[in-house]
Amino acid sequence: MGSREALVTIPQIAFNHNKANNAELEIFDLESLYHRKGMAHDPSEPHRVSFFALIYVQNGTGTHEVDFKPYPFKPGSIVFVQREQVQAFDFSHFPQGKMLIFTQAFLDQVHINMRLPNYTPTHLNPQHSPLLNLDDDNRNRVDTLIEQMHLEMTQPNADPLIVMYLFSALALILHRLRPEVSQEKLSDEQSTKFARFFDLLQANFHRTRDANWYANQLGTTYKTLNLTCKAAADLTAKQLIDAFTTLEIKRRLVVNQSTSQQLAYEFGFEDASNFVKFFKKHSQMTPGQFVKRHTTPKL
């Protein structure tokens, strides 16, 4: 082995439309991930997903990592993973369960046809957890709904609308069990405005972190944008912008192995020193310390 060790990068995993028969939704056994042969990536290593995932553990224990934080699971646990998050599975105790993965296009279709809670970026609030532990009654309901969804999807004349209704029922039940992420207080106007704000943030976070700029782009006031963000994610607009930026920096530090100098330029900081100060303020460690903690030497 040479004196220089190469670092393992985080692969980007896209939704496989061919495998899902262009349904924008796929359901499969969790254990298939550690039985599959010839996979392009190791699911137990950090990887970034371009879709939403709902991981339902029926048997087994372990720790699922989401955006570099560990969450211990047990039978009846559900882990919610939002698109563009980084995750890593723990198969050490051979957990069993179901995986539901779906795209934004699928959610858009469900929203058009029926009622569904908004998938707001609660992962940006450190007080919110992607982990939900179900009691026996709700485990039975979730088992039934997932089984019925899968059954309908495998019918020769499968009806996408039936699948959407079942998915909506599942989402509403799980949503009710997570009162800390409830968005019922959002009006339709606020919901639309927040969705536009988050789209703008995803497109411009590396250019500006000025909440007033986003408010102007939305044709609203800073105060109104703040109220909307507090209702949607329990964060001010500025807190949400900084949380999103910090999380994206973390991903690029590990995914792209970018240097502080590169990221300072990419994110519009005056210099690397200001970039490091910003990162340390929001993550309680330097970029170098973060990279050391979340990369694995390749032997």
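About the thresholds
- Every chain is numbered independently, its residues counted from 1 as its sequence is written.
- For a predicted model such as this one, the threshold for reporting local features is a pLDDT of at least 70, and the threshold for listing and counting side-chain atom pairs is 80 or more; totals across whole chains, interfaces and linings nevertheless cover every residue.
- Hydrogens and water molecules were not included; the side-chain quantities draw on all heavy atoms of the structure.
- Secondary structure elements follow DSSP: runs of H or I of four or more residues count as helices, runs of E of two or more count as strands, with numbering from the N terminus.
- By the convention used here, residues are in contact when the closest approach between their heavy atoms is within 4.5 Å.
- Residues adjacent in sequence count toward polar contacts only when both atoms are side-chain atoms; beyond that, a polar contact is any pair of N or O atoms within 3.5 Å, and within protein one must be able to donate a hydrogen and the other to accept it.
- When DSSP locates at least two bridges between a pair of strands, those strands are taken to pair.
- Note on geometry: axes are lines fitted to C-alpha atoms, helical ones only across the stretch in contact, with angles between N-to-C directions running from 0 to 180 degrees.
- A pair is scored as a salt bridge if a Lys or Arg side-chain nitrogen falls within 4 Å of a carboxyl oxygen belonging to Asp or Glu.
- Exposure classes here rest on a 1.4 Å probe applied to the protein chains alone. A residue is buried below 20% of its type maximum, exposed above 50%, and partly exposed in between.
- Under the convention used throughout, the expected extent of a helix is 1.5 Å for every residue step, that is, one less than its residue count.
- Angular relationships are summarised with four words: roughly parallel below 35 degrees, roughly antiparallel beyond 145, roughly perpendicular across 65 to 115, and oblique for the angles in between.
- Here the term charged refers only to Asp, Glu, Lys and Arg, the term nonpolar to Ala, Val, Leu, Ile, Met, Phe, Trp, Tyr, Cys and Pro, and the term polar to all other amino acids, Gly among them.

Summarising the element assignment, Tyr56 is placed in strand β5 (residues 52-59). Residues Tyr56 and Lys98, spaced 42 residues apart in sequence, show a C-alpha to C-alpha distance of 5.1 Å. Residues contacting Tyr56, with those up to four places away along its chain left out, are Gly76, Ser77, Ile78, Gln96, Gly97, Lys98, Leu134, Arg139, Val142, Asp143 and Ile146. One polar contact links Tyr56 to Asp143, side chain to side chain, over a distance of 2.8 Å.

So, about the sheet that holds strand β9 (residues 86-88). In space, the five strands of this open sheet follow the order β2-β4-β9-β6-β7, with mixed pairing throughout. Strands with a single pairing partner mark the edges of an open sheet, and in this sheet they are β2 (12-13) and β7 (69-73). Sheet analysis places strand β6 (residues 62-66) next to β7, joined by five bridges and oriented antiparallel. Residue Val66 lies in a different strand from β7, and its bridge partner there is Lys69.

Strand order in the open sheet formed by five strands is β3-β10-β5-β8-β11, and the pairing between neighbours is antiparallel. Strand pairing shows two members of the sheet lacking a second neighbour, β3 (25-29) and β11 (131-133), which therefore form its edges. Neighbour-to-neighbour, the strand axes of this sheet turn through a mean angle of 15 degrees, independent of strand direction. Pairing geometry for β5 and strand β10 (residues 96-102), over seven bridges, is antiparallel. What sits directly across from Tyr56, in β10, is Lys98.

Moving on, we come to the pattern of salt bridges. Applying the stated criterion to the full structure yields eight salt bridges. Taking the shortest distance from any N to any O, the salt bridge between Asp234 and Lys230 comes out at 4.0 Å. Judged by relative accessible area, which is 43%, Asp234 ranks as partly exposed. With its nearest N and O atoms 3.3 Å apart, the salt bridge here joins Arg252 to Glu248. With Arg252 and Glu248 both in helix α8 (residues 237-255) and four residues apart, this pair spans about one turn of that helix. Both residues of the pair, Arg252 and Glu248, count as buried. Three or more residues joined by partner-sharing salt bridges are found here, namely Arg48, Asp67, Glu248, Arg251, Arg252 and Glu266.

In an α-helix, one full turn covers 3.6 residues, which means residues spaced three or four apart are oriented alike. Helix length check: α8 (19 residues) gives 26 Å between terminal C-alpha atoms against 27 Å at 1.5 Å per residue, within 8%. Where burial is concerned, most of α8 is hidden: 16 out of the 19 residues are buried. Positive phi appears at Gln257, one or two residues downstream of α8, with a value of about 55 degrees.

Look at α8 against helix α10 (residues 272-283): their axes get within 10 Å of each other, and the N-to-C directions meet at 110 degrees. Here α8 is positioned roughly perpendicular relative to α10, judged by the angle of their axes. Along the contact surface, α8 presents Asp242, Thr245, Thr246, Ile249, Lys250 and Leu253, while α10 presents Phe275, Phe278, Phe279, His282 and Ser283. In terms of residue class, the contact of α8 with α10 is made up of five nonpolar, four polar and two charged.

This paragraph deals with the pairing of β10. Summarising burial for β10: five of the seven residues are buried, a large majority. Here five bridges tie β3 to β10, and the two strands are oriented antiparallel to one another. Across the sheet, Glu26 pairs through a bridge with Ile101, a residue of β10.

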